[in-house]
Amino acid sequence: MHPIYDDSTTLFAIYKSLFESNPDPCYAMDINGKFIIINDMAMELAGYTDEEFSKFYFSDIVTEEYKEHMIEAFTDVSMNGNIKSFDVAIKHKSGNIIELYGTSVPVIVENKIIGVVGIVKDMTEKNQMQRELENTKIELENVFNNIDVCVWSSDFEKQELFQISSACKKIFGYSQEDFLQNSNLLMGIIYPEDRERVDAMQQKLAEGQTLYLEYRIIDAQQNIKWISNFTTPIFNDTGDIVRLNGVVADIQQRRMAEEQLEFMAFNDELTKLPNRRRFEQLLNESILNAKETGSKLAVLYFDLDQFKWINDTLGHTIGDNVLRIIAKRLSSIIGNEGIVSRVGGDEFIILLQNIKELNHVKIFAQRINDEILQPIHLGVRSYELTASIGISMFPDDTGDAEKLIIFADQALNAAKKDGKNTYKMYHTDFSEDIVRKLDILQALRQAIKTNDALNLHYQPIIDTCSAGIVGFEALLRWNDPTLGYISPAEFIPIAEESGLILPLGEWVIRTACTKFNELYKNSEFKPYLSVNVSTRQFENEQCVERLKQILEEANFNPKLFKIELTESIMMKDAEKIVKKLNRLRKLGVDVFLDDFGTGYSSLSYLGILPIETLKIDQSFVQNINGAGQEAIVRTIISMAASLEKGIIAEGVEEESQLEYLKRFGCHHIQGYLFSKPVSFEEIPALLKKRFINDKI
Ligand code: C2E
Ligand code: MG
Ligand code: MG
C-alpha cells in the first residue's frame, strides 16, 4: 500500500474532497435514513439548505411513487450491507419532480454498519428526451403503417428486405410476412415485359443514384397493375451503400386515364377508328411513301345521306349504333388496302394506297355505296341507308395532305348536290368553297384596312372560390356589310393561311390593351386580359419583340397580359418555342395553353414548357359526364396541379359540369353558364355582378 494511506489525516482529506467537490450530488445518512452530510451539489439539486436537509429522512423527499422501493433498497444496504443502485424521483423545494439514478453503499466501522453513503445523477432531462424519442418512434411507426404508399428498406449487401410497411397488402395483395420471408418477392412480381427495363436500371442504384421507375406488377390476385417505385441508396460514413430505401405507390388509375387520354387523342371513342388528327399523320406518312415509290393515293370523304334524320327521329343511341355498323362495314371493305377514320358526326375519311389506276378507286367507291345500301337491322326494324362520297387523288389533284382532304370534301358536296347515293371525283372546278374563301379573304383585307367591321368581345373567366371575375379573354367579332357575321373559327384559318393574321393579330392586341387601360383607369379592380395568338403569328420571328413594343406603346402592364396559344405549337421546333416562351416570361407575360387535350402533348414535355396555365378544351367539359371523359378531365386537372400549372375550364354551360369541375379541383371557369363574350361597354356591369348569388 502507498505510504500515504497510513496517514489518517491525509486519507480523511482525500475522502472529504471526493465528497465535497464531487460534481454529482452526494449524501451520507445515519442508520435510520436521516441525512447527516450533504454536498453542495445535492443542496443545489434539491433546493434545500444544509440546515433543512439535516432535519430530513430520505423518505421525506422521495416521491410517493418510489417511497416503498427506496425503503426496501435502504434496508438492503443498511441491514444487509449490500450495494444498491436505483432509479428514484424526489421533490425539489419548488415542488418540481427531479428524476435521479443513484447508488448507495453501507458505511462499515469495525464490522458494524453505521450508516449509508451514496451518489446520484440528475436524469430528468435525459429521461424526458428518452420519452420524446419513444413517442416519435411510435408516431413514425404509425405513419409508416398507415399511409397509402408502401415504404420498404433492404440490406444492400445481403440483398435482403428487412422492413416493409403494411400498405404492401393493399398495393400488392401480399402481407408484410410474405415479403419479409421472401426477399425476392418484390422483384419477382414484376410483369415479365417490364422486367428487363427495371433490371437494367438497377445499376443506377449501385452507382449511388436515386431511381424512379413506373412498371407493372402481378399482384397476389394475379391482376396486372401499374406501380411507381422510388428508391434511394443510403450510405455509411465511408461512402458505401448499406441500405436501399424505397417508396411504392399504386398508380394504376392514373396510368389508365393517361392511356385512355392518349388513345382518345388519336382515336374516335365511338368507333375506335383513327380520328382526324391520326388520319392526317397517316396521310402524311403515306404521301412520303408514295413519293418514294411513285405510287398514287386516293382520299375518299364519306358521309351518310340520312344520318341527321336517324339521329333526330330515332335518337342518339340508335344513331351511335348505326355509326358503329358503318365503321365495321367500311373497315371490312377496305381491309388492309388503306385506312378508315372517323372525323366527326357521320363523316368518315378513307385513304386508299397503292392505286394502280383510277378505275380501281371507282370500283372501291361503288362497292362502298352498294355495301351501305344493305339493310341495317336494329331491333325489329331494318333501315336502308345511302352514302355520298367525294374523292381526291394524289398526286393528280394535289401533293398536299391538307388539300387532299379539302378537295375530297368539296367533291363530296358536289356528290350530295348530284342527288346523293353516289360518288364524285374532285375536279378543279369544284370551287364553291374556294370562292367563299376568296370572298372572305378580300373582305378581311378590307376590314383590316378600314377597321370598320372588326370588333372585340370579352368573355369573363370566373374564380369559383371568390365568386368573382379574374380576367377576360378577348375574342374577335366580324360583321361584314356584305357577307354578314363570320365566325372566327372560319376566318382565322384563312387569315393564317394568307398571312393576314399578322396585322390582324397586332390590331387585336393593340385594341384590347387600349380598351383595358381605359377600364383600369375607371376601376380599382384590374382583371387580366388574355388574347389569342395563332401558331403562325407566334412562329413569326419578331413576335415577342412586336408584342413588347405594343405593350410599351400602350403603356400596358405585362403582368396583366396573357397570351393563349393552342397545343399545336408544341408540335413545332421545341427548342425554339421554349426560348420564345422564356422571353415572354421575362417580359412578365404569362402563357395559357388553349384547347388543351385536343392535340396530344407529351406530358413530360409539358413539364418543361414555361407555360402558366392549361385551358381544358370545351369538348371535354361538355361531355364531362360521358363515359371515360370524367377520368380524363380529372387526370388533366391533377396533372396540371402536379406540374404546378393553373387550370381553366372552357365552355362551361351547365350547372352539372360546374359541379364536376369544382369537385375535381378546377376553380377557374369560362363559359355561357356565367356569361357569353360581351362588348367592352358591358364589362363594368359584369364586374359589379357577384356571381355567387347567381350561378355559383
Ligand atoms: P378559343 O380561344 O378556344 O375561344 C373560346 C371559344 O369558345 C369562343 O368562340 C367562345 O365564344 C366560345 N365559348 C365560350 N364559352 C362557351 C360555352 O359555354 N359554350 C360554347 N359552345 N362556346 C363557348 P369564338 O369567339 O367563336 O372563337 C373561336 C376561336 O377562334 C377561338 O377559340 C380562338 O381560337 C379563335 N379566335 C378568336 N378570336 C381570336 C383572335 O383574336 N386571334 C386569334 N388568333 N384567334 C382568335
Ligand atoms: Mg382562347
Ligand atoms: Mg379554347
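A quick note: this is a predicted structure, and the numbers were derived from the prediction, not measured. (Residues numbered from 1 in each chain as written. Chains lettered and ligands numbered in written order. Predicted model: local features only at pLDDT ≥ 70, side-chain atom pairs only at ≥ 80, totals over all residues. Heavy atoms only, no water.)

### Considering the overall build of the protein
Next, step 1: A tally of helices and strands in the protein yields 27 helices and 26 strands.
Next, step 2: Against the globule reference of 26 Å for 696 residues, the protein gives a C-alpha radius of gyration of 41 Å, more extended than a compact globule.
Next, step 3: In terms of principal-axis extent, the alpha carbons of the protein reach across some 135 × 65 × 50 Å.
Next, step 4: Out of the 696 residues belonging to the protein, those deemed buried represent 46%.
Next, step 5: Taking the intrachain contacts of the protein between residues at least 6 apart in sequence as the baseline, contacts between residues at least 24 apart amount to 58%.
Next, step 6: Taking the average location of the 74 positive side-chain charges in the protein and that of its 104 negative ones, the two points are 7 Å from each other. (Helix = DSSP H or I, 4+ residues; strand = E, 2+ residues; numbered from the N terminus. Rg over C-alpha atoms; globule rule 2.2 N^0.38 Å. Buried < 20%, exposed > 50% of the residue type's maximum accessible area, 1.4 Å probe, protein only. Contact = heavy atoms within 4.5 Å. Lys, Arg positive; Asp, Glu negative; His and termini not counted. Charge placed at Lys NZ, Arg CZ, Asp CG, Glu CD.)

### Focus: the site of ligand 1
Next, step 1: In the vicinity of ligand 1 there are 22 residues, among which R477, D594, Q618, E653 and Y672 approach most closely.
Next, step 2: In the model, an oxygen atom of ligand 1 is placed 2.8 Å from a nitrogen or oxygen of the D594 side chain.
Next, step 3: Between ligand 1 and the protein, one listed contact pairs an oxygen atom with a side-chain N or O atom of D595 at 3.0 Å.
Next, step 4: Elements represented by at least two residues in the shell around ligand 1 include exactly β19 (468-480), α18 (488-498), β23 (590-596) and α24 (618-622).
Next, step 5: Of the residues forming the shell around ligand 1, the biggest block, four residues, is contributed by β19.
Next, step 6: A class-by-class count of the residues in the shell around ligand 1 yields eight nonpolar, seven polar and seven charged. (Near = heavy atom within 4 Å. Polar contact = N/O pair within 3.5 Å; in protein donor to acceptor, adjacent residues only side chain to side chain. Nonpolar A, V, L, I, M, F, W, Y, C, P; charged D, E, K, R; others polar.)

### Considerations on the nonpolar core
Next, step 1: Of all hydrophobic cores here, the largest spans 87 residues; its most connected members are L529 and F561.
Next, step 2: In terms of residue count, the dominant contributor to this core is helix α19 (residues 501-522) (10 residues).
Next, step 3: Contacts of F561, omitting those with residues within four sequence positions, involve I509, C513, L529, V531, L547, L551, F556, V589 and D590.
Next, step 4: Listed in part, the 34 residues of the second largest apolar core include L304, V340, I350 and F364. (Core = buried A, V, L, I, M, F, W, Y, C linked by side-chain atoms within 4.5 Å.)

### Digging into the domain arrangement of the protein
Reports of interface size often rely on the accessible area that becomes lost once the parts have come together.
Next, step 1: Taken as a whole, the protein is organised into domain 1 (2-127), domain 2 (147-250), domain 3 (259-386) and domain 4 (453-477 + 500-687).
Next, step 2: Of note, the centres of domain 3 and domain 4, computed from C-alpha atoms alone, are 35 Å apart. (Domains from an automatic or database assignment.)

### Focus: the coordination of the magnesium ion (ligand 2)
Next, step 1: Taken together, E473 (OE), N532 (OD1), E564 (OE) and D594 (OD) make up the protein donors of the magnesium ion (ligand 2), found 1.9 to 2.3 Å from the metal.
Next, step 2: Between the two metals, the magnesium ion (ligand 2) and the magnesium ion (ligand 3), the spacing is 4.0 Å, and D594 donates to both. Placement of the pair is E473 in strand β19 and E564 in strand β22 (residues 561-566), with a sequence separation of 91 residues.
Next, step 3: Judged by relative accessible area, which is 4%, E473 ranks as buried. (Donors = N, O, S within 2.8 Å, 3.2 Å for Na, K, Ca; no water.)

### Quick look at the packing of helix α21 (residues 543-554) against helix α22 (residues 574-587)
Next, step 1: Direction vectors running N to C along α21 and α22 enclose 15°, while the axes themselves pass 10 Å from each other. One element, α21, and the other, α22, form an angle in the roughly parallel class. Of the two elements, α21 crosses α22, and the hand of that crossing is right-handed. Where α21 abuts α22, its residues C543, V544, L547 and K548 lie against K580, R583, L584 and L587.
Next, step 2: Looking at the contact of α21 with α22 residue by residue, the class counts come to five nonpolar, no polar and three charged. (Axes fitted to C-alpha atoms, helices over the stretch in contact; angles between N-to-C directions. Parallel < 35°, antiparallel > 145°, perpendicular 65-115°, else oblique. Left-handed = near helix turned anticlockwise from the far one by under 90°.)

### Re the coordination of the magnesium ion (ligand 3)
Next, step 1: Here the magnesium ion (ligand 3) is held by the protein donor atoms D594 (OD), D595 (OD), E650 (OE) and E650 (OE), which lie 2.0 to 2.3 Å from it.
Next, step 2: Binding-site remark: the magnesium ion (ligand 3) is held by donors from one chain whose sequence spacing is D-D-x54-E.

### Thoughts on the side chain of D76
Next, step 1: Mapped onto the secondary structure, D76 falls in helix α5 (residues 64-80).
Next, step 2: There is a polar contact of 3.0 Å between the side chain of D76 and the side chain of N82.
Next, step 3: In this view, D76 contacts G81, N82 and K84; residues no more than four positions away in its chain are not counted.

### Notes on helix α16 (residues 401-417)
Residues that lie three or four places apart on an α-helix share one face, since the helix turns once every 3.6 residues.
Next, step 1: Taking 1.5 Å of rise per residue, the 17 residues of α16 would be expected to cover 24 Å, and the 25 Å separating its terminal C-alpha atoms lies within 8% of that figure.
Next, step 2: The complete set of buried residues in α16 reads A401, L404, I405, F407, A408, Q410, A411, L412, A414 and A415.
Next, step 3: One side-chain oxygen at the N-terminal end of α16 lies 3.2 Å from the backbone nitrogen of E402; it belongs to D400.
Next, step 4: Positive phi shows up at G419, right after α16, with a value of about 110°. (Expected span 1.5 Å × (residues − 1).)

### Some words on the sheet that holds strand β6 (residues 150-155)
Next, step 1: Strands sit in the order β7-β6-β10-β9-β8 across an open sheet of five strands; the sheet is antiparallel. The open sheet has two edge strands, β7 (160-164) and β8 (211-218), and neither has a second partner. The average angle at which neighbouring strand axes cross in this sheet is 30°, direction not considered.
Next, step 2: As paired elements, β6 and β7 share four bridges and run antiparallel to each other. What sits directly across from S153, in β7, is Q163.
Next, step 3: Sheet contacts for helix α10 (residues 192-206): β8, β9 (224-235) and β10 (241-250); angle to β8, the most-contacted strand, approximately 155°.
Next, step 4: Packed on one face of the sheet, helix α11 (residues 252-266) meets β8, β9 and β10 and runs near 120° to β9. (Pairing = 2+ DSSP bridges.)

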